[in-house]
Amino acid sequence: MYRHILAPIDCSEDARRLVPDLARYISRMPSCQMTLVATVTPSPIPQINHVRQLHARETLHAMHKLFLNFGVYAFCRVAEGDDTVTATLEIAHDEEAVS
């Protein structure tokens, strides 16, 4: 069975709607850890970066609360980068180093 699931989240309403199903599924694996990752595309304008980071953090916080409703603690990480795959893989390597 899985030990740790790393789920890239795009902060869309569709992603928010899928969280309860994912949380329900993960709740059946009590020894499994969960990390939600939102990737923020950097902007040369600091105010835009701030708004994007805030949106990602608020979205992850809301999703974290939904996971808790199913008894699942989800770690939340915000990655910055132009490429979601690369940013997510960097976090995966970080998580692997911590495990």
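Residues numbered from 1 in each chain as written. Predicted model: local features only at pLDDT ≥ 70, side-chain atom pairs only at ≥ 80, totals over all residues. Heavy atoms only, no water.

Draft legend 1. Main features of the sheet that holds strand β2 (residues 33–40). The parallel open sheet is built from three strands, whose spatial order is β1-β2-β3. Only two strands of the sheet have a single neighbouring strand rather than two, namely β1 (4–9) and β3 (74–80). The average angle at which neighbouring strand axes cross in this sheet is 25°, direction not considered. Alignment of β1 against β2, held across six bridges, turns out to be parallel. In the sheet register, Ile 5 faces β2, and the bridge partner there is Met 34. (Pairing = 2+ DSSP bridges. Helix = DSSP H or I, 4+ residues; strand = E, 2+ residues; numbered from the N terminus. Axes fitted to C-alpha atoms, helices over the stretch in contact; angles between N-to-C directions.)

Draft legend 2. Just unusual backbone geometry, in detail. With phi around 65°, Cys 11 is a residue other than glycine that occupies positive phi space. Inspection of the secondary structure puts Cys 11 in the loop between β1 and α1 (13–27).

Draft legend 3. Expanded view of the packing of α1 against helix α2 (residues 46–69). In contact at an axis separation of 9 Å, α1 and α2 are set at 40° when each is read in the N-to-C sense. Once α1 is placed against α2, the crossing between them reads as right-handed. Residues Ala 15, Arg 16, Val 19, Leu 22, Ala 23 and Ile 26 of α1 touch α2, and the partners they reach there are His 55, Thr 59, Ala 62, Met 63, Leu 66 and Phe 67. Among the residues making up the contact of α1 with α2, the classes are represented as nine nonpolar, two polar and one charged. (Left-handed = near helix turned anticlockwise from the far one by under 90°. Contact = heavy atoms within 4.5 Å. Nonpolar A, V, L, I, M, F, W, Y, C, P; charged D, E, K, R; others polar.)

Draft legend 4. Representation of the packing of aromatic side chains in the model. In this structure the tally under the stated criterion is one aromatic pair. An angle of 80° between the planes, with centres 5.1 Å apart, marks the rings of Tyr 73 and Phe 75 as edge-to-face. (Phe/Tyr/Trp six-rings, centres within 6.5 Å; stacked < 30°, edge-to-face > 60°.)

Draft legend 5. Spatial organisation of the nonpolar core. With 20 residues, the main nonpolar core has Ile 5, Ile 9, Ile 26, Met 34, Leu 36, Met 63 and Phe 67 as its most contacted residues. When residues of this core are traced back to their parent elements, those giving at least two are β1, α1, β2 and α2. Excluding its chain neighbours within four sequence positions, the residues that come into contact with Met 34 are His 4, Ile 5, Ala 7, Leu 22, Ile 26, Phe 67, Val 72, Tyr 73, Ala 74 and Phe 75. (Core = buried A, V, L, I, M, F, W, Y, C linked by side-chain atoms within 4.5 Å. Buried < 20%, exposed > 50% of the residue type's maximum accessible area, 1.4 Å probe, protein only.)

Draft legend 6. Representation of the side chain of Ser 43 within the structure. Secondary-structure assignment places Ser 43 in the loop between β2 and α2. A distance of 3.1 Å separates a polar side-chain atom of Ser 43 from the backbone nitrogen of Ile 45. Beyond its immediate stretch of four places on either side in the chain, Ser 43 contacts Ile 48, Asn 49 and Arg 52. (Polar contact = N/O pair within 3.5 Å; in protein donor to acceptor, adjacent residues only side chain to side chain.)

Draft legend 7. How the structure looks around the pairing of β3. Pairing of β2 with β3 involves seven bridges; the strand directions are parallel. Along β3, the bridge assignment pairs Val 40 with Glu 80.

Draft legend 8. Highlighting the pattern of salt bridges. According to the stated counting rule, one finds three salt bridges in the structure shown. Notably, a salt bridge pairs Arg 16 with Glu 13, separated by 3.9 Å at the nearest N-O pair. Of the two residues, Arg 16 and Glu 13 are both situated in helix α1; the distance of three residues between them amounts to about one turn of the helix. A residue is classified by how much of its surface remains accessible, and Arg 16, at 27% relative accessible area, is partly exposed. As a salt-bridge pair, Asp 21 and Arg 24 come within 2.9 Å of each other at their nearest N and O atoms. Of the two residues, Asp 21 and Arg 24 both sit in helix α1, three residues apart, roughly one turn of that helix. (Salt bridge = Lys/Arg side-chain N within 4 Å of Asp/Glu carboxyl O.)

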